[in-house]
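Fold and contact review
So the chains spell out like this:
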Amino acid sequence: MDELLGNLWISPNVNKRTVNGTTYYEFQAGSTITSSAFPTTFNLSFIFTMSNLDLQRSHVIKIVVNKPDGSTANYSEIISKEKIMGLDRTDSITYSGILEHVKITKKGIYTFTGYVDDINLSEYKMLFIEEP
């Protein structure tokens with residue numbers, strides 16, 4: 001079996017659109033968000049691209065948010081085998097969603113780690129800073 005591969009991106013806003021049968025994802029590039037005060041809450045969109053999945057079974061994706069204060073928040077979703085059934089093993093799968101009400105306790109670097117079936121595939125770091 002080939003090694004699982006993946007990339008994770010986090011953004012305040014991701015737009016998904018389909019043109020002529022092809023799906024595109026548009027998102028705000030960059031990894032810094034400003035806030036007028038902390039603690040605060042954000043809804044953050046994510047894009048998680050994976051390849052070399054076993055197409056004969058369902059998979060669990062999980063995103064763990066590690067915060068500067070040592071706490072974590074978790075998001076998980078099941079990708080049913082019915083959703084990936086017609087794909088080739090080498091096809092990549094792009095999954096998007098929203099991490100709702102992520103509590104940003106204080107300014108600093110937040111690490112978002114993407115897992116598939118408890119295998120760490122990717123990390124994305126985002127800096128939250130206070131507006132002057």
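Everything below is about the structure printed above this text.
Model, not experiment: these values are computed from the prediction. (Residues numbered from 1 in each chain as written. Predicted model: local features only at pLDDT ≥ 70, side-chain atom pairs only at ≥ 80, totals over all residues. Heavy atoms only, no water.)

1. Focus on the overall build of the chain
The criterion, for reference: By definition, any uninterrupted DSSP run of H or I lasting at least four residues is a helix, any uninterrupted run of E lasting at least two residues is a strand, and each is numbered from the N terminus. Whether a residue is buried, partly exposed or exposed follows from its accessible area with a 1.4 Å probe, protein chains only, as a fraction of its type maximum: under 20%, in between, or over 50%, in that order. Only heavy atoms matter for contacts: two residues are in contact if any of them lie within 4.5 Å across the pair. Note on areas: these come from Shrake-Rupley sampling with a 1.4 Å probe, and a residue is covered only by the protein chains present in the view. Charged-residue counts in this description rest on Lys and Arg as positive and Asp and Glu as negative, His and the chain ends being excluded. Working definition for charges: the position is that of NZ of Lys, CZ of Arg, CG of Asp or CD of Glu.
Broken down by element type, the chain carries one helix and 10 strands. Listing each helix as α and each strand as β along the chain from the N terminus yields β-β-β-β-β-β-β-α-β-β-β. Here the C-alpha coordinates of the chain stretch approximately 50 × 35 × 20 Å along the principal axes. Looking at the chain as a whole, 36% of its 132 residues are labelled buried. For the chain, restricting intrachain contacts to residue pairs at least 6 apart in sequence, the fraction spanning at least 24 positions comes to 69%. When the accessible area of the chain is evaluated, it comes to approximately 7700 Å², of which 46% is carbon and sulfur surface. Put simply, the chain has 12 plus and 15 minus side-chain charges, and the middle of one group is 5 Å from the middle of the other.

2. Here's the deal with the packing of aromatic side chains
In this description, an aromatic ring pair is defined by two values, namely the gap between the centres and the angle between the planes. Note the following rule: Stacked, tilted and edge-to-face pairs are distinguished by plane angle, under 30 degrees for stacked and over 60 for edge-to-face with tilted covering the rest, among Phe, Tyr and Trp rings (Trp via its six-membered ring) whose centres lie within 6.5 Å. Think of it as a cone above the ring: NZ of Lys or CZ of Arg counts as a charge over the ring if it is within 6 Å of the ring centre and within 35 degrees of the ring normal.
Evaluation of the coordinates by the stated rule reveals four aromatic pairs. Grouping aromatic residues by their ring pairs yields a cluster made of F42, Y110 and F128. Against the face of Y115 rests K62, its NZ or CZ located 5.5 Å from the ring centre.

3. What to know about the sheet that holds strand β7 (residues 72-79)
To keep things clear, this is the line we draw: Strands are labelled as partners when DSSP assigns at least two bridges between them. Between N-to-C directions, angles cover 0 to 180 degrees, with each direction set by a line fitted to C-alpha atoms, over the stretch in contact for helices.
Strand order in the open sheet formed by five strands is β4-β10-β9-β6-β7, with mixed pairing between adjacent strands. Unpaired on one side and paired on the other, β4 (32-35) and β7 mark the two borders of the sheet. Sheet twist, expressed as the average angle between the axes of neighbouring strands with direction ignored, equals 20°. Inspection of the sheet shows strand β9 (residues 108-116) paired to strand β10 (residues 119-130) by nine bridges, in the antiparallel sense. Counted as the bridge partner of I109 is L127 from β10.

4. Examining the sheet that holds strand β5 (residues 40-51)
Sheet strands pair by backbone hydrogen bonding; their relative direction is either parallel or antiparallel. Pairing is antiparallel in the open sheet, where three strands are placed in the order β1-β5-β8. In this open sheet, the two strands that pair with only one neighbour each are β1 (5-11) and β8 (92-104). Averaged over neighbouring strand pairs, the angle between their axes works out to 20° when direction is ignored. Pairing of β5 with β8 involves 11 bridges; the strand directions are antiparallel. Among the inter-strand pairings, T40 is bridged to a residue of β8, identified as I104.

5. Let's talk about the nonpolar core
Operational definition: Working definition of a nonpolar core: buried Ala, Val, Leu, Ile, Met, Phe, Trp, Tyr and Cys residues. They are joined through side-chain atoms within 4.5 Å.
Among the nonpolar cores identified, the biggest contains 30 residues, and I10, L44, F46, M50, F112 and F128 are the most heavily contacted of them. With residues near it in sequence (within four places) discarded, F128 still touches I33, F38, F42, L44, I104, K107, G108 and Y110.

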